[in-house]
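# Summary of the model geometry
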Amino acid sequence: MPPRSRRNDGEPLAVQAARAREQHRTQTGSYGYLARRGPKRSATVVPRPLRYWQYDVASPVVIGLTVLAVAVWLGFLGWRDSGAAVAAEAPVAVGLGLLVLVVSTGRFTIGDWAVSTDIAGLRQTSSFGVVPLVLVTEVVRGSAPAGWPRPRRRGGWWPGRQRISVAHLDTDGETPRSFTVWVRDPAAVADALGRPLP
């Protein structure tokens, strides 16, 4: 992984990264979860447009557990009561299952200073999952190459999406890290991250 310059005007990368995280929170906090609608009406300053965003469905584990929970719930009611009880309870069970899947939908967002993953607006760009762009060192198509640190997985597969791997430094500006994500347009994501694909 080619290292990015460790200093900018004599400033340590860790300091640049901390500032970038705050700038990213400010920029993305000015947009609602549905980014296509533009900035929030409550935003006092018009924010710069986001470089890239996409929505990621819930992971297969969450989907599987939700379906299992609904099936067990309805199966128990059918065993304890009757088919009529299941029919009466089914809309509530299915509705709650769908609600779980909706709030488990994530947004992968690249702003001017960082990239982040948010879950249905419940966590508005906390420090968890934020990688400042100044710490990104390389972007490649497909799985992480040999020699990279074990990547964290962000989002899940969806028809028409391709996997990319992103190498970056940890918040200390020294420790190598990486993550993989399935995206609509790998070239656009790489450009937004400031590391065009080779």
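See the structure above.
Report on the accompanying structure. (Residues numbered from 1 in each chain as written. Predicted model: local features only at pLDDT ≥ 70, side-chain atom pairs only at ≥ 80, totals over all residues. Heavy atoms only, no water.)

## Some points on the packing of helix H2 (residues 60-80) against helix H3 (residues 83-103)
Describing two packed helices takes the angle between their axes plus the distance from one axis to the other. At a minimum axis distance of 10 Å, the contact between H2 and H3 shows a crossing angle of 165 degrees. With respect to their mutual orientation, H2 and H3 come out roughly antiparallel. Between H2 and H3 lies a crossing whose hand is right-handed. Only Ala85, Val86, Glu89, Ala90, Val92, Ala93, Leu96, Gly97, Val100 and Leu101 of H3 make contact with H2, whose side of the interface consists of Val62, Ile63, Thr66, Val70, Trp73, Leu74, Leu77 and Gly78. Across the contact of H2 with H3, the residue classes tally to 14 nonpolar, 3 polar and 1 charged. (Axes fitted to C-alpha atoms, helices over the stretch in contact; angles between N-to-C directions. Helix = DSSP H or I, 4+ residues; strand = E, 2+ residues; numbered from the N terminus. Parallel < 35°, antiparallel > 145°, perpendicular 65-115°, else oblique. Left-handed = near helix turned anticlockwise from the far one by under 90°. Contact = heavy atoms within 4.5 Å. Nonpolar A, V, L, I, M, F, W, Y, C, P; charged D, E, K, R; others polar.)

## What to know about the environment of Val140
With respect to the element layout, Val140 can be found in strand E7 (residues 136-141). For Val140, a relative accessible area of 11% gives the class buried. In sequence terms Val140 and Arg163 are 23 residues apart; their C-alpha atoms lie 8.9 Å from each other. Apart from the residues within four sequence positions on either side, Val140 is in contact with Pro145, Trp148, Ile164, Ser165 and Leu197. (Buried < 20%, exposed > 50% of the residue type's maximum accessible area, 1.4 Å probe, protein only.)

## Focus: the nonpolar core
Core analysis: the largest hydrophobic core is formed by 18 residues, its most contacted members being Phe108, Ile110, Val139, Val189 and Leu193. What Ile110 contacts, discounting residues up to four positions off in sequence, is Leu50, Arg51, Tyr52, Val115, Leu133, Val189, Ala192 and Leu193. Among the nonpolar cores identified, the runner-up in size contains 5 residues, and Leu13, Ala17, Val134 and Leu135 belong to it. (Core = buried A, V, L, I, M, F, W, Y, C linked by side-chain atoms within 4.5 Å.)

## Observations regarding a nonpolar patch on the surface
The grouping of Trp73, Val92, Leu96, Leu99, Val102 and Val103 at the surface amounts to a nonpolar patch, some 490 Å² of accessible area in total. Per-element accounting of the nonpolar patch gives the leading share, 5 residues, to H3. Along the polypeptide, Trp73 turns up in helix H2. When its relative accessible area of 30% is taken as the criterion, Trp73 is described as partly exposed. (Patch = residues over 30% accessible without salt bridge, like charges linked within 9 Å, V, L, I, M, F, W, Y side chains within 5 Å. Areas by Shrake-Rupley, 256 points an atom, 1.4 Å probe, with all protein chains shown as cover. Salt bridge = Lys/Arg side-chain N within 4 Å of Asp/Glu carboxyl O.)

## Remarks on the sheet that holds strand E8 (residues 152-154)
Reading across the sheet, the 4 strands line up as E7-E9-E10-E8 and stay open at both edges, with mixed pairing between neighbours. Where the open sheet ends on each side, the last strands, each with one partner, are E7 and E8. The sheet shows a mean angle of 25 degrees between the axes of neighbouring strands, taken without regard to direction. As defined by bridge partners, strand E9 (residues 162-169) adjoins strand E10 (residues 176-183) across 8 bridges and the pair is classed as antiparallel. Within E10, the residue paired with Arg163 across the bridge is Trp182. (Pairing = 2+ DSSP bridges.)

## Points about H3
For H3, built from 21 residues, the straight-helix expectation of 30 Å at 1.5 Å per residue is met to within 8% by its first-to-last C-alpha distance of 30 Å. The sharpest bend along H3 measures roughly 45 degrees and falls at Glu89, with the proline Pro91 sitting one to four residues further on. (Expected span 1.5 Å × (residues − 1). Bend = angle between axes of the 7 residues up to and from the residue.)

## Brief notes about the packing of aromatic side chains
Both the distance between ring centres and the angle between the ring planes are used here to describe each pair of aromatic rings. Evaluated as defined, the whole model comprises 2 aromatic pairs. Aromatic pair Tyr52 and Phe108: ring centres 6.5 Å apart, planes at 70 degrees, arrangement edge-to-face. Here Phe108 lies in strand E4 (residues 106-110) and Tyr52 lies in strand E3 (residues 52-56), a separation of 56 residues in the sequence. Residue Tyr52 is classed as buried on the basis of its relative accessible area of 6%. You can call Phe108 buried: its relative accessible area is 1%. Residues Phe76 and Trp79 carry aromatic rings whose centres are separated by 5.9 Å and whose planes lie at 40 degrees to one another, so their mutual orientation is tilted. In this pair, Phe76 and Trp79 are both assigned in helix H2, 3 residues apart and thus about one turn of the helix distant. For Phe76, a relative accessible area of 41% translates into the label partly exposed. Its end group placed over the ring of Phe179, Arg154 keeps NZ or CZ at 4.3 Å from the ring centre. (Phe/Tyr/Trp six-rings, centres within 6.5 Å; stacked < 30°, edge-to-face > 60°. Lys NZ or Arg CZ within 6 Å of the ring centre and 35° of its normal.)

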